[in-house]
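One-letter residues, chain by chain:
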Amino acid sequence: MAKLRIAGTWVGVIDLELENWTVAMLREEVAKRSNAQRPDSINLISAGKVLKDGDGSQNLTQLGIRNNAKILATRVSVDEGKSLEQELMAEEERSRRLARVKAAATALSKRHVDGSLPIEDFNIELENQGGQKVQLGTETDQRAVMMGLMLHENAKNLLTRQLYKDALEVLTMGEEAFSLCDPKVLEFIDNVPILQIDMVWCYFLLRDISWLSVAGIRLEKAREGLERCHGKDFSRVRLLQAGCQPELALHMRLELLEGVVAYHNGQLDKSKKALTSAQAKFSQLQVPDEALSHVMSMGFKERDARRALRLNNQDIGRVVDFLFEEKAKRKQKREDDIQHKIEIMELKQYGVTPLKKAVNVEKLKELVAIGFEKKLAAEALRRNENDFQKALDDLTNPETNSAIQLDIESRKRKREQRAVNARIEELVSMGFDRSRVVAVVQAGETMEQTMSRLLPEVDPLLAFDANSSGNPASEASNLNPDSVEGPLTADEERDVEMEDELARDIGKADALSDYDIEVTKEGEAIQEYLALLASTDSKEALSLC
């Protein structure tokens, strides 16, 4: 027998067998001895942890309870107990979700950087602010940047939904992802300093002043990073954005946060200077009703018009040009997305290389431009792990060229035979005679022609079922090459829901998303801290009198 020493609502020692008792049994015993009407009104705490009933299968020994252990028993109302349980469940769910976000970002960045054939009908690529694809350092650097960007976009979505604690967690993950990249690579992009600003913005929105020392360091790094990327007079970013002034709101938020940190560190003059500058920028960002109405009268939506006016310093002529350029960019992006989807579907027909990579589209285009047939060129690249020169050597060698063509034809026949077999099995499962089905299907007729010849043999109700949507498996079989060409198969552990959420966040972003800030909360914060400074000045003046 073991002994447990109980303190709290009841004080004493309980003799029991640790291997045979569960938390529920202990809770019930403590409730009985403390005259509690309901066991669920008793909380048991050991070594700083609340003991949970779980599924009732674990005994106290398995939970780490030892002989002579001290257990604290507290009594709560049933409602409080339920509230605590709900809070714990919510925290566990939140932790699981954050873990899913990180895992999904890791999986997506890996698949879309290393050249693997996309499982999805889209491909994620890094672009600069001009919309051109970029290669940042090594594959590891590229993956780290992509993962950091995905997590940053997800965090901004959480910020919009006012889930500040979750947003901060995801931003921290993003910072960790960026830290895996070569620092020299990060010097060329402003995403990291913007992430630092967003982290401090989360500190502020959570009103957690315990982060002040870290906040100051983050803001210093952010300012250095922005000046390196944008230029001290913002000339570089304005040149990239054709005269547009997108950085104003971002720098206003930076100055606001610098003023807040300085205020809480007792640096009142520095705080006032930063907040006054932020207030001036805030005034610049206010959109006059007349200007908004004028732009909307040209047929533009309110959100687009307000955004354009903020980003272009209320210059109507530049605003209109900007809106038409944005419209053209969105149209071009839709067309590009459609083309990408077509390319990906085409790539899936070619299969993957021995190292499970997709056929390189750009190298394929080069071979086709030279004059080689597309499927032949794709197969040459697939066999040679996308080595352009080796693929070209195979294509220009009559023997290897002939072997590749024979191989393509062989696999094509296998695919066609699989499709025929799948159709036969589908029709047989509907009740048709196998020998009759084989004869009709091998005649090479379409599905409609096959059905019209077979239908008189079966009951009309069965015939109606046979004309329905059919067996998805047989339809899919027409798309699957054989194992040599094999397309990428989805990992069973893949979190489709979370990956789709991250992809949607990325899809909504554009080159100006990081600068497109709704500044209402910033304006309120500026007024709040300027009032605090004014109050401090008044107190100092009175003390001098």
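About the criteria used
- Residues numbered from 1 in each chain as written.
- Predicted model: local features only at pLDDT ≥ 70, side-chain atom pairs only at ≥ 80, totals over all residues.
- Heavy atoms only, no water.
- Axes fitted to C-alpha atoms, helices over the stretch in contact; angles between N-to-C directions.
- Helix = DSSP H or I, 4+ residues; strand = E, 2+ residues; numbered from the N terminus.
- Parallel < 35°, antiparallel > 145°, perpendicular 65-115°, else oblique.
- Left-handed = near helix turned anticlockwise from the far one by under 90°.
- Contact = heavy atoms within 4.5 Å.
- Nonpolar A, V, L, I, M, F, W, Y, C, P; charged D, E, K, R; others polar.
- Pairing = 2+ DSSP bridges.
- Buried < 20%, exposed > 50% of the residue type's maximum accessible area, 1.4 Å probe, protein only.
- Phe/Tyr/Trp six-rings, centres within 6.5 Å; stacked < 30°, edge-to-face > 60°.
- 1 Å grid on protein atoms, 1.4 Å probe; cavity = no way out; pocket = protein on both sides within 12 Å on 5 of 7 lines; lining within 4 Å.
- Points joined across faces, edges and corners; volume = space filled by probe spheres on them.
- Salt bridge = Lys/Arg side-chain N within 4 Å of Asp/Glu carboxyl O.
- Polar contact = N/O pair within 3.5 Å; in protein donor to acceptor, adjacent residues only side chain to side chain.
- Expected span 1.5 Å × (residues − 1).
- Core = buried A, V, L, I, M, F, W, Y, C linked by side-chain atoms within 4.5 Å.

**Some words on the packing of helix H6 (residues 191-205) against helix H9 (residues 248-264)**
One can describe the packing of H6 onto H9 by two numbers: an axis separation of 10 Å at closest approach and a directional angle of 50°. Compared by their axis directions, H6 and H9 come out oblique. Regarding H6 and H9, the two cross each other, and that crossing is left-handed. Facing Ile194, Ile197, Asp198, Val200, Trp201 and Phe204 of H6, the residues of H9 in contact are Leu250, Arg253, Leu254, Leu256, Leu257 and Val260. Counted by class, the contact of H6 with H9 contains 10 nonpolar, no polar and 2 charged residues.

**Focus: the sheet that holds strand S5 (residues 69-75)**
Pairing within the open sheet is mixed, and its 5 strands lie in the order S2-S1-S5-S3-S4. Since the sheet does not close on itself, it has two edges, and those belong to strand S2 (12-16) and strand S4 (49-50), each with one partner. Bridge count for strand S1 (residues 2-8) against S2 is 5 bridges, and the pairing is antiparallel. Paired with Arg5 across the bridge in S2 is Val13. Across the face of the sheet, helix H1 (residues 23-33) comes into contact with S1, S2, strand S3 (42-46) and S5 while running at roughly 120° to S3.

**What about H1?**
Turning to H1, its buried residues are Val23, Leu26, Arg27, Glu29, Val30 and Ala31. Elements in contact with the buried residues of H1: S1, S2, S3 and S5.

**Here's the deal with the packing of helix H3 (residues 139-160) against helix H22 (residues 496-508)**
Two numbers describe how H3 lies on H22: the axes approach to 9 Å, and their chain directions differ by 85°. Our classification of the angle between H3 and H22 gives roughly perpendicular. Here Met150, Glu153, Asn154 and Asn157 of H3 come into contact with H22, specifically with Glu501, Leu502, Asp505 and Ile506. Taken together, the residues of the contact of H3 with H22 sort by class into 3 nonpolar, 2 polar and 3 charged.

**As for the packing of aromatic side chains**
Taken as a whole and judged by the stated rule, the model has 5 aromatic pairs. Ring centres of Trp201 and Phe204 lie 5.5 Å apart, and the angle between their planes is 15°; on these two criteria the pair is classed as stacked. In this pair, Trp201 and Phe204 are both assigned in helix H6, 3 residues apart and thus about one turn of the helix distant. With respect to class, Trp201 is no different from Phe204; both count as buried. Where Phe204 meets Tyr529, the ring centres are 6.2 Å apart and the plane angle is 55°; that geometry is what we call tilted.

**Some thoughts on the environment of Glu175**
Inspection of the secondary structure assignment puts Glu175 in helix H4 (residues 164-179). What makes Glu175 partly exposed here is its relative accessible area of 23%. For the pair Glu175 and Gln196, spaced 21 residues apart in the sequence, the C-alpha separation amounts to 8.1 Å. Not counting chain neighbours up to four residues away, the residues in contact with Glu175 comprise Leu195, Gln196, Met199 and Arg218.

**Looking at empty space enclosed by the protein**
Taken as a whole and assessed by the stated rule, the structure comprises 2 cavities of 30 Å³ or more. Empty space within the largest cavity amounts to approximately 40 Å³. Lining of the largest cavity is provided by Asp304, Arg307, Ala308, Phe322, Leu323, Glu326 and Arg330. Going through the elements one at a time, helix H12 (302-311) and helix H13 (316-350) are the ones with two or more residues in the lining of the largest cavity. Among the elements that make up the lining of the largest cavity, the one with the highest residue count is H13 (4 residues).

**Quick word on the pattern of salt bridges**
Going through the model one piece at a time under the given rule, you end up with 27 salt bridges. For Glu153, the salt bridge identified is with Lys156, shortest N-O distance 3.0 Å. Within this pair, Glu153 and its partner Lys156 are both found in helix H3, separated by 3 residues, close to a single helical turn. The burial state of Glu153 is the same as that of Lys156; both residues are buried. When the shortest N-O distance is used, the salt bridge between Glu425 and Arg434 registers 3.0 Å. Exposure remark for Glu425: the relative accessible area of 43% places this residue in the partly exposed category. Through salt bridges with shared partners, one network takes in Glu379, Arg382, Arg383, Asp407 and Arg411.

**Some details on the side chain of Asn384**
Tracing the backbone shows Asn384 in the loop between helix H15 (374-383) and helix H16 (388-396). At 2.8 Å, the side chain of Asn384 and the backbone oxygen of Ala380 are in polar contact. Within the structure, the side chain of Asn384 is placed 2.9 Å from the side chain of Asp394, a separation counted as a polar contact. With sequence-adjacent residues up to four places away left out, Asn384 is seen in contact with Lys390, Ala391 and Asp394.

**Regarding unusual backbone geometry**
Trans is the common state for peptide bonds, and a negative phi is the common state for residues other than glycine. With a phi close to 70°, Asn68 is a non-glycine residue in the positive phi region. Tracing the backbone through its elements, the reader meets Asn68 in the loop between S4 and S5. Classification of Asn68 by relative accessible area gives partly exposed; the value is 38%. Unlike most non-glycine residues, Lys356 shows phi in positive territory, near 65°. With relative accessibility at 49%, the residue Lys356 sits in the partly exposed group.

**A few points about H3**
For the α-helix, the turn length of 3.6 residues means that residues three or four positions removed from each other point alike. If you check H3, its first and last C-alpha atoms are 32 Å apart, about what 22 residues at 1.5 Å a residue would give, namely 32 Å. Where burial is concerned, most of H3 is hidden: 16 out of the 22 residues are buried. Gln162 sits one or two positions beyond H3 and adopts a positive phi of about 65°.

**Observations regarding the environment of Arg218**
On the secondary structure map, Arg218 appears in helix H7 (residues 212-230). Measuring from C-alpha to C-alpha, the distance between Arg218 and Leu195 comes to 9.5 Å, with 23 residues separating the pair along the chain. Beyond its immediate chain neighbours, meaning those up to four positions away, Arg218 contacts Glu175, Gln196, Met199, Val200 and Tyr203.

**Considerations on the pairing of S1**
Connecting the antiparallel pair S1 and S2 is a turn made up of 3 residues. As paired strands, S1 and S5 are joined by 5 bridges and run parallel to one another. Its bridge partner being in S5, Ala7 is matched across the sheet by Leu72.

**Side note on the nonpolar core**
Counting residues in each nonpolar core, the largest one holds 81 residues, and the members touching the most others are Leu151, Phe204 and Leu256. No other element matches the 11 residues that H6 contributes to this core. Among residues more than four places away in sequence, those in contact with Phe204 are Leu257, Val260, Ala525 and Tyr529.

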